[in-house]
Amino acid sequence: MVPARVIAVHRAALEALTEAGEVQATLASAISHPTPSACVAVGDWVLLEPRTGRAVRVLERQSLLARRAAGERQQRQLIAANVDSLFIVTSCNEDFNPSRLERYLALAQEAQVEAVIVLTRMDLALNVDRYLDDLRAIAPHVNACAVNATSREGTSVLLPWLGEGRTVAFVGSSGVGKSTLVNTLAAMQMQGTAGIRENDSKGRHTTTSRHLFQLPGGAWVIDTPGMRELKLEVGTDAVAAVFSDIEALARQCRFRDCAHQADPGCAVVAAVEQGKLDARRLASYHKLLRETAHANRSTRERRQSARRFGRMAKSVMERKRKDRGLE
Ligand SMILES: Nc1nc2c(ncn2[C@@H]2O[C@H](COP(=O)(O)OP(=O)(O)OP(=O)(O)O)[C@@H](O)[C@H]2O)c(=O)[nH]1
Ligand SMILES: [Mg+2]
Ligand SMILES: [Zn+2]
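Cut-offs used in this document
- Residues numbered from 1 in each chain as written.
- Chains lettered and ligands numbered in written order.
- Predicted model: local features only at pLDDT ≥ 70, side-chain atom pairs only at ≥ 80, totals over all residues.
- Heavy atoms only, no water.
- Near = heavy atom within 4 Å.
- Polar contact = N/O pair within 3.5 Å; in protein donor to acceptor, adjacent residues only side chain to side chain.
- Areas by Shrake-Rupley, 256 points an atom, 1.4 Å probe, with all protein chains shown as cover.
- Helix = DSSP H or I, 4+ residues; strand = E, 2+ residues; numbered from the N terminus.
- Nonpolar A, V, L, I, M, F, W, Y, C, P; charged D, E, K, R; others polar.
- Core = buried A, V, L, I, M, F, W, Y, C linked by side-chain atoms within 4.5 Å.
- Buried < 20%, exposed > 50% of the residue type's maximum accessible area, 1.4 Å probe, protein only.
- Contact = heavy atoms within 4.5 Å.
- Salt bridge = Lys/Arg side-chain N within 4 Å of Asp/Glu carboxyl O.

1. A short note on the site of ligand 1
Reasoning step 1: Around ligand 1 sit 24 residues, and of these R121, D123, S174, T180 and T207 come closest.
Reasoning step 2: Measuring from a nitrogen atom of ligand 1, one finds a side-chain N or O atom of N148 at 3.3 Å.
Reasoning step 3: Here an oxygen atom of ligand 1 and a backbone polar atom of G177 are 3.0 Å apart.
Reasoning step 4: In isolation ligand 1 offers 660 Å² of accessible surface; the protein chains occlude 89% of this area.
Reasoning step 5: Looking at the shell around ligand 1, the element that brings in the most residues is helix α5 (residues 178-186), giving three residues.
Reasoning step 6: Each residue belonging to the shell around ligand 1 can be placed in one class, and the counts come to six nonpolar, 15 polar and three charged.

2. Here we look at the nonpolar core
Reasoning step 1: Membership of the largest hydrophobic core comes to 55 residues, with the highest contact counts inside it found for L65, L86, I88, L107, L119, L135 and V268.
Reasoning step 2: When residues of this core are assigned to their parent elements, the largest contribution, seven residues, is made by helix α2 (residues 98-111).
Reasoning step 3: If sequence neighbours within four positions are ignored, L119 has contacts with T90, S91, C92, F96, Y131, L132, L135, C145, A146 and V147.
Reasoning step 4: V118, A149, V168 and F170 belong to the second-largest nonpolar core, a separate cluster that totals 21 residues.

3. Details of the pattern of salt bridges
Reasoning step 1: The final tally for this structure, using the stated rule, is eleven salt bridges.
Reasoning step 2: A salt bridge links D95 to R100, with the nearest nitrogen and oxygen atoms 3.3 Å apart.
Reasoning step 3: D95 gets classed as buried once you look at its relative accessible area, which sits at 10%.
Reasoning step 4: Residue class for R100 comes out partly exposed when judged on its relative accessible area of 25%.
Reasoning step 5: With a closest N to O distance of 2.8 Å, E102 and R281 form a salt bridge. Placement of the pair is E102 in helix α2 and R281 in helix α9 (residues 279-326), with a sequence separation of 179 residues. Here the two residues E102 and R281 agree in accessibility, since each one is buried.
Reasoning step 6: Connected through salt bridges with shared partners, the residues E102, D245, D278, R280 and R281 form a single ionic network.

In structure tokens:
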């Protein structure tokens with residue numbers, strides 16, 4: 001078998017990098033159900049069968065970033081695998097949104113991947129410090145870097161995360177400069193980029209698929225399409241870790257099962273009333289917890305139906321064996 005790192009996942013095939021260079025690979029049926037993109041992520045290591053060029057196995061992952069797909073079916077969608085750090089990219093403009101950032105932080109937390117908030121367009125903003133202050137308020141322990149994504153000097157603060165062999169995935173809305181960063185760091189035009197709308201700073205969804213690139217210094221970077229919305233598939237622990245300040249206050253509530261809504265003796269609501277906690281942040285916390293409960297319910301239902309299917313398959317096999325025994 002030949003080990004290869006997945007650089008892109010298509011509908012029925014993969015692009016992967018082996019020691020000998022880039023190859024196209026089809027997928028064995030065991031790792032393409034129900035779709036290749038549900039089984040294999042960009043950043044995965046796979047084993048290729050040299051004779052057929054087929055990927056037959058996905059190797060154990062060190063980390064996996066996943067979300068719930070938009071739309072009715074709410075399937076799990078893999079974003080990237082074997083990532084060391086997540087660059088959460090936003091700009092010093094209307095894109096900047098603390099509640100959305102908290103959502104991305106929960107994504108990183110769930111995958112146990114270090115988050116770095118990257119603020120682009122520092123070259124165009126007059127009040128970069130105000131954005132950095134806002135970041136400190138929502139994530140005091142998370143590294144935040146202001147950059148000019150279009151220049152090499154402007155992105156050098158990111159180099160500590162881009163050592164040889166490290167993998168970084170870039171996520172964020174369309175137009176924040178993810179592909180621009182990839183191009184600047186690679187010192188090469190790897191990805192297309194496009195301007196943003198002047199009236200609301202929104203991007204044009206220029207990048208349309210996830211792709212892994214190797215930088216000259218030996219780091220790996222994963223560019224992703226701008227997300228319209230990030231639906232989380234995380235546990236309550238991840239949310240609790242992102243809102244550790246609220247969790248600390250909650251320990252002082254009068255009742256252990258306090259819902260921090262209108263409960264008597266609620267220390268969290270009191271903190272909001274005293275101006276010590278942002279009402280927006282508390283609302284964001286409640287919202288993410290509700291979503292978590294919902295995601296866990298649908299995961300449970302999926303597992304139950306998988307178990308039902310397993311039992312059914314087992315009984316069919318047993319019947320077949322019995323039938324054969326009788327012959
Ligand atoms: N001046 C300046 N322009 C930037 C900066 N970052 C991004 N831009 C510009 O913003 C525009 C959008 O950048 P892209 O790199 O295409 O954005 P993206 O995040 O890849 O967007 P999608 O692929 O749509 O998700 C481009 O015109 C960039 O030149 C920055 O730090 N400073
Ligand atoms: Mg892009
Ligand atoms: Zn409370």
